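Listed below, chain by chain, are the residues.
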Amino acid sequence: MTALAPAIWGSTYLVTTELLPPQRPLLAAVVRALPAGLLLVAVTRQLPKGAWWWRAAVLGALNIGFFFALLFVAAYRLPGGVAATVGAVQPLLVAALSAGLLGDRLTLRTVFAGAAGVAGVGLLVLRADARLDGVGVLAALGGAVVMAAGVVLSKRWSSPAPLLATTGWQLAAGGLLLLPVAALVEGPPPALTTGNLVGYAYLTFVGSALAYALWFRGIRALPPTTVTFLGLLSPLVATALGWLVLAQELTPAQLLGGLVVLAAIVVQSRGARPVPSPRRVTPSPAATR
């Protein structure tokens, strides 16, 4: 089930290019996060308690707000293939942070699988004429770092609240962080067409509410390194949809890259078992009302 989240995120590029208004990435980021978060909070009717007010804010900033903002900078200053290849280092970052913060063992298998994942994504999406931009590369790397930190802290700070409530808190916090940035950088939203509304609805309900709930469910049940390796499916799905829907040509190198990505995921996932979250506390019924 966790693999569905990055598979859904892999469709974001197609939805963005075909349905959304151009040059409005921050607006798309706000729409992805804030309405979905508020919807889940309204459905669960549960607000954070105690330390979870600031923890939800920190996790929302790392997993959503800062990540989307840095992703926006990288997308504008780098070709998509470069940004995706730099972002593919995230599993290795999660493995290193998990060793330091969660006491997980960093194995050679994980290191080799992570390196293969980066190479596979590079073959899949990187072009020979891709230009490099220092600020863009730093932004893409920063996005991978903050998302990696968010994944590991999501495991370390396992919420006693239901999954949908915790997901809603993070999406709402990240969306509120992005809202003033989008207003300052992009100004008021443009007039929206029916296609725009369909695209934004997809991002809200499927790309965020559903996908992030599945993602955080996976973090609760699996080692965080295993979860982030599944994130390599996103560029794979994006490439496949470009071929299926947009009739984009696939080269032998891309096919090889896709196989390398799948092999890296399988190698890392082999033998992985669901693990309990550290410091997990089973709340009383009164504590979750």
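Attention here is on the structure that accompanies the text. As the structure is a computational prediction, the values presented were derived from the model and not from experiment.

A look at the packing of aromatic side chains
Here comes step 1: Applying the stated criterion to the full structure yields 6 aromatic pairs.
Here comes step 2: Ring geometry for Trp54 versus Trp157: centroids 5.3 Å apart, planes at 80 degrees, classification edge-to-face. One end of the pair, Trp54, is in helix H4 (residues 52-77); the other, Trp157, is in the loop between helix H8 (134-156) and helix H9 (163-186), and 103 residues separate them in sequence.
Here comes step 3: On the accessibility criterion, Trp54 (47% relative accessible area) is partly exposed.
Here comes step 4: Residue classification places Trp157 among the buried residues on the basis of a relative accessible area of 12%.
Here comes step 5: An angle of 40 degrees between the planes, with centres 5.9 Å apart, marks the rings of Phe67 and Phe68 as tilted.

Topic: the side chain of Glu186
Here comes step 1: Along the polypeptide, Glu186 turns up in helix H9.
Here comes step 2: For Glu186, which is buried and forms no salt bridge, the nearest opposite charge comes from Arg24, at a distance of 4.5 Å.
Here comes step 3: Polar contacts involving the side chain of Glu186 include one to the main-chain amide nitrogen of Leu26, which spans 2.8 Å.
Here comes step 4: Among residues more than four places away in sequence, those in contact with Glu186 are Gln23, Arg24, Pro25, Leu26 and Leu27.

A look at the packing of helix H3 (residues 25-44) against H4
Here comes step 1: Viewed as axis vectors pointing N to C, H3 and H4 meet at an angle of 155 degrees, and their least axial separation amounts to 10 Å. Viewed along their axes, H3 and H4 adopt a mutual orientation that is roughly antiparallel. Here H3 and H4 pass one another in a crossing that is right-handed. Between H3 and H4, the residues in contact are Pro25, Leu26, Ala29, Arg32 and Ala33 and Ile64, Phe68, Phe72 and Tyr76, respectively.
Here comes step 2: Partitioning the contact of H3 with H4 into residue classes produces 8 nonpolar, no polar and 1 charged.

Rules used in this analysis
- Residues numbered from 1 in each chain as written.
- Predicted model: local features only at pLDDT ≥ 70, side-chain atom pairs only at ≥ 80, totals over all residues.
- Heavy atoms only, no water.
- Phe/Tyr/Trp six-rings, centres within 6.5 Å; stacked < 30°, edge-to-face > 60°.
- Helix = DSSP H or I, 4+ residues; strand = E, 2+ residues; numbered from the N terminus.
- Buried < 20%, exposed > 50% of the residue type's maximum accessible area, 1.4 Å probe, protein only.
- Lys, Arg positive; Asp, Glu negative; His and termini not counted.
- Salt bridge = Lys/Arg side-chain N within 4 Å of Asp/Glu carboxyl O.
- Polar contact = N/O pair within 3.5 Å; in protein donor to acceptor, adjacent residues only side chain to side chain.
- Contact = heavy atoms within 4.5 Å.
- Axes fitted to C-alpha atoms, helices over the stretch in contact; angles between N-to-C directions.
- Parallel < 35°, antiparallel > 145°, perpendicular 65-115°, else oblique.
- Left-handed = near helix turned anticlockwise from the far one by under 90°.
- Nonpolar A, V, L, I, M, F, W, Y, C, P; charged D, E, K, R; others polar.

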